[in-house]
Amino acid sequence: STRPRGLRAICLRKLGRTDEAAREIEAARRIDAQDPFLHIEAMILAAGGPATAAFPKRSVKALLAQVRDDEAPLLEAAFDYFGLRLWEETDAALGIVPSPGPLATLTRAFAADRLSRKSAARKLLQRALEQDPMGHQPWHLEMVPILEWARDEMPRHPRPRFFLGSLLMARRRTEEG
């Protein structure tokens, strides 16, 4: 698995040891050159931070071509950052999705809220809840706190409850669903 090397690269980047971080990413990419998480971490490193506007355009284009503009692999990568509570990186991983669906948009809204960007979080949340849910069913348990937050933020809107119930039922957590 390339994940331990990716996590080490994040730690090294956060410590300012960017040359070592780059070597970790390259070593991991020799094992799995297709891992979107490693591509995103390499772009963050090249840009000097998680500001997507500073990402190398060629790298973004190559990653999007590799995943065929599908948000699922990028959402998976975002959840790697999410699990570490790296909210800027979580947002950056999804910020390059050309046409984000409701799950990616909800995740970005949650990250914005955690970064105390309340206005941006509210706008993203409203956009996510207006999007068509067809073909966008939550599958990761990381979505539970996101959907609970969305439910609490918009208590009259049925979509967060729908997504949360679907996820919990799919995970056979029927008592909670």
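Preceding this paragraph is the structure being described.
All figures in this text were calculated on a predicted structure; none of them were measured in a lab.

## What to know about the nonpolar core
Ranked by internal contacts, the top residues of the largest apolar core, which has 49 residues, are Ile-40, Leu-74, Tyr-81, Leu-106, Leu-125 and Met-143. Those elements that provide at least two residues to this core are α3 (36–47), α4 (57–66), α5 (71–83), α6 (87–95), α7 (102–114), α8 (118–130), α9 (143–153) and α10 (159–170). In contact with Ile-40, not counting residues within four places along its chain, are Leu-63, Leu-74, Ala-77, Tyr-81 and Ala-93. Counting residues in each nonpolar core, the second largest holds 6 residues, with Ala-9, Leu-12, Ala-21 and Leu-45 among its members.

## Some thoughts on the packing of aromatic side chains
One pass over the structure, following the stated rule, counts 7 aromatic pairs. Here Phe-82 and Trp-87 contribute two aromatic rings whose centre-to-centre distance is 5.3 Å and whose plane-to-plane angle is 80 degrees, an arrangement assigned as edge-to-face. The exposure class assigned to Phe-82 is buried, which follows from its relative accessible area of 3%. The class for Trp-87 is buried, based on a relative accessible area of 14%. Put simply, the rings of Phe-79, Phe-82, Trp-87, Phe-110 and Trp-149 pair up and form one aromatic cluster. Looking at Arg-85, its charged tip hangs above the ring of Phe-82, at a distance of 5.6 Å from the centre.

## What about unusual backbone geometry?
Phi is positive for Arg-68, close to 55 degrees, though the residue is something other than glycine. Tracing the backbone through its elements, the reader meets Arg-68 in the loop between α4 and α5. Owing to a relative accessible area of 74%, Arg-68 belongs among the exposed residues under this scheme.

## Quick notes on the side chain of Arg-159
Checked against the element boundaries, Arg-159 lands in helix α10. Salt bridges are absent for the buried Arg-159, whose nearest opposite-charge side chain, Asp-132, sits at 6.2 Å. At a separation of 2.6 Å, a polar atom in the side chain of Arg-159 contacts the main-chain carbonyl oxygen of Gln-131. When sequence neighbours within four positions are dropped, the list of residues in contact with Arg-159 reads Leu-129, Glu-130, Gln-131 and Pro-133.

## Considerations on the pattern of salt bridges
Overall, the coordinates contain 15 salt bridges when judged by the stated rule. The closest approach of N and O atoms between Glu-24 and Arg-8, which form a salt bridge, is 2.9 Å. Remark: Arg-8 occurs in helix α1 (residues 3–14) and Glu-24 occurs in helix α2 (residues 18–31); sequence separation between them is 16 residues. Put simply, Arg-13 and Glu-41 hold a salt bridge, and the shortest N to O gap is 2.5 Å.

## Focus: the environment of Gln-34
Position of Gln-34 among the secondary structure elements: in the loop between α2 and α3. Accessibility expressed as a relative area gives 48% for Gln-34, which makes it partly exposed. Distance in space between the C-alpha atoms of Gln-34 and Trp-139 is 22 Å, their sequence separation being 105 residues. Residues contacting Gln-34, with those up to four places away along its chain left out, are His-39 and Gln-66.

The rules we used
Each chain has its residues counted from 1, following the order in which its sequence is written. Under the rules for a predicted model, residues below a pLDDT of 70 receive no local features and side-chain atom pairs below 80 are neither given nor counted, while totals for whole chains, interfaces and linings still include all residues. Excluded from the side-chain calculations are hydrogens and water; all other atoms, namely the structure's heavy atoms, are used. Buried Ala, Val, Leu, Ile, Met, Phe, Trp, Tyr and Cys residues that are joined via side-chain atoms within 4.5 Å together make up what is termed a nonpolar core. Think of it in three bands: residues with accessible area under 20% of the maximum for their type are buried, residues over 50% are exposed, and the middle band is partly exposed, with areas taken using a 1.4 Å probe on protein chains only. A run of DSSP states H or I qualifies as a helix once it reaches four residues; a run of E qualifies as a strand once it reaches two. Both are numbered from the N-terminal end. Here, residues are in contact when the closest pair of their heavy atoms is within 4.5 Å. Each Phe, Tyr or Trp ring, with Trp reduced to its six-membered ring, pairs with another whose centre is within 6.5 Å; inter-plane angles below 30 degrees give stacked pairs, above 60 give edge-to-face pairs, and intermediate values give tilted ones. Only when the NZ atom of a Lys or the CZ atom of an Arg is both within 6 Å of the ring centre and within 35 degrees of the ring normal do we say a charge sits over the ring. Asp and Glu are treated as the negative residues and Lys and Arg as the positive ones, with His and the ends of the chain left uncounted. We define a salt bridge as a side-chain nitrogen of Lys or Arg found within 4 Å of a carboxyl oxygen belonging to Asp or Glu. Whenever two N or O atoms come within 3.5 Å, that pair is a polar contact, provided that in protein one can donate a hydrogen and the other can accept it, and provided that, for residues adjacent in sequence, both atoms are side-chain atoms.

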